[in-house]
Amino acid sequence: MLFRSVEASGSVTARAAATLSAPATGTLASLRVEAGQRVTKGQVVAVIDAPDVEAREKAAARALDQADRGGGVSVGGTAGFTAARKRTDKQAQAALADARTAAAKITDPALRTALLKQVDAAQKQYSAASNAAGSALRSVQSGGASLGDAVGALSAAQKLQAQQAYDLASAAVDALTLK
């Protein structure tokens, strides 16, 4: 039996590679894989610590709790109602803009698209609630409804805005776990 030895140079490369990114800046809290380790779809690869995103989620949770307790609406006549509606609309637009910015930073196209669809749906729901509040105000001004009806509509809009802000902030925190 004759044995031959052949020397050759070569390289080993991954069958597929993926780039991961977090929806916000932060520090690497934990890396759960090692170089060269095989990973499966859905496996946690790393966790990012992003205090700003986590603080936003806590603030949204507090606002949701306050809205649930009825502490969000304070109006004095139709002028106060109008000011409260404008303030709520401004807060909602800021929360939606923050959510869009965070979603845009996600490199996974499917996840980014899903989050942007969630933001779009939240914006449509909030716009409908805000329009209902405006309609209630117009009804109060024409004598067709009580101020209590208008305040109730604004309260519902604020609760919806608080819930959506919390849901979007929570989704951003969830996205800090890279899979």
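So, here is what we can say about the structure in this document. (Residues numbered from 1 in each chain as written. Predicted model: local features only at pLDDT ≥ 70, side-chain atom pairs only at ≥ 80, totals over all residues. Heavy atoms only, no water.)

**Thoughts on the overall build of the protein**
How we decide: Secondary structure follows DSSP: runs of H or I at least 4 residues long count as helices, runs of E at least 2 residues long count as strands, and numbering of each begins at the N terminus. Burial status follows relative accessibility: with a 1.4 Å probe on protein chains alone, a residue under 20% of its type maximum counts as buried, one over 50% as exposed, and anything between as partly exposed. In what follows, residue pairs with any heavy atoms lying within 4.5 Å of each other are defined as contacts. In short, Shrake-Rupley with a 1.4 Å probe defines the accessible areas, and a residue's cover is counted only from the protein chains shown.
Assigned secondary structure in the protein consists of 4 helices and 3 strands. If you list the helices and strands of the protein from N to C, you get β-β-α-α-α-α-β. Within the protein, the proportion of its 179 residues that are buried is 31%. Put simply, 69% of the contacts in the protein that link residues at least 6 apart link residues at least 24 apart. Of the roughly 11,400 Å² that the protein leaves accessible, carbon and sulfur atoms contribute 53%.

**Things to note about the environment of T25**
Relative to the assigned elements, T25 resides in the segment before β1 (27-31). Separated by 77 residues in sequence, T25 and A102 place their C-alpha atoms 9.7 Å apart.

**Comments concerning the sheet that holds strand β2 (residues 46-49)**
The line we're drawing: Note on pairing: two strands pair once DSSP finds at least 2 bridges between them.
A sheet is described by the order of its strands in space; here 3 strands give the open sequence β1-β2-β3, paired in antiparallel fashion. At either end of the open sheet lies a strand with only one pairing partner, and these are β1 and β3 (177-178). Sheet topology note: the β1/β2 ladder contains 4 bridges and is antiparallel. Within the sheet, the bridge partner assigned to T27 lies in β2 and is D49.

**Describing the pairing of β2**
Bridge count between β2 and β3: 2 bridges; the pairing is antiparallel. Across the sheet, residue A46 finds its bridge partner in β3, namely L178.

**Side note on the nonpolar core**
Worth spelling out the cut-off: Residues belong to a common nonpolar core when they are buried Ala, Val, Leu, Ile, Met, Phe, Trp, Tyr or Cys residues joined through side-chain atoms within 4.5 Å.
If you look at the biggest cluster of nonpolar residues, it comprises 9 residues: A24, A46, I48, A50, V53, A172, V173, L176 and L178. Mapped onto this core, the elements with two or more residues apiece are β2 and α4 (147-174).

**Focus: the side chain of Q164**
Worth spelling out the cut-off: Two N or O atoms form a polar contact when they lie within 3.5 Å of each other; inside protein one atom must be a possible hydrogen donor and the other a possible acceptor, and for residues adjacent in sequence the pair counts only when both atoms belong to side chains.
Here Q164 lies in helix α4. Of the polar contacts made by the side chain of Q164, one reaches the side chain of Q125; its length is 2.8 Å.

**Concerning the environment of K159**
You can see K159 is positioned in helix α4. With a relative accessible area of 33%, K159 lands in the partly exposed category. It is 6.7 Å that separates the C-alpha atoms of K159 and L64, two residues lying 95 residues apart in sequence. Excluding anything up to four places from it in sequence, K159 contacts L64, A67 and D68.

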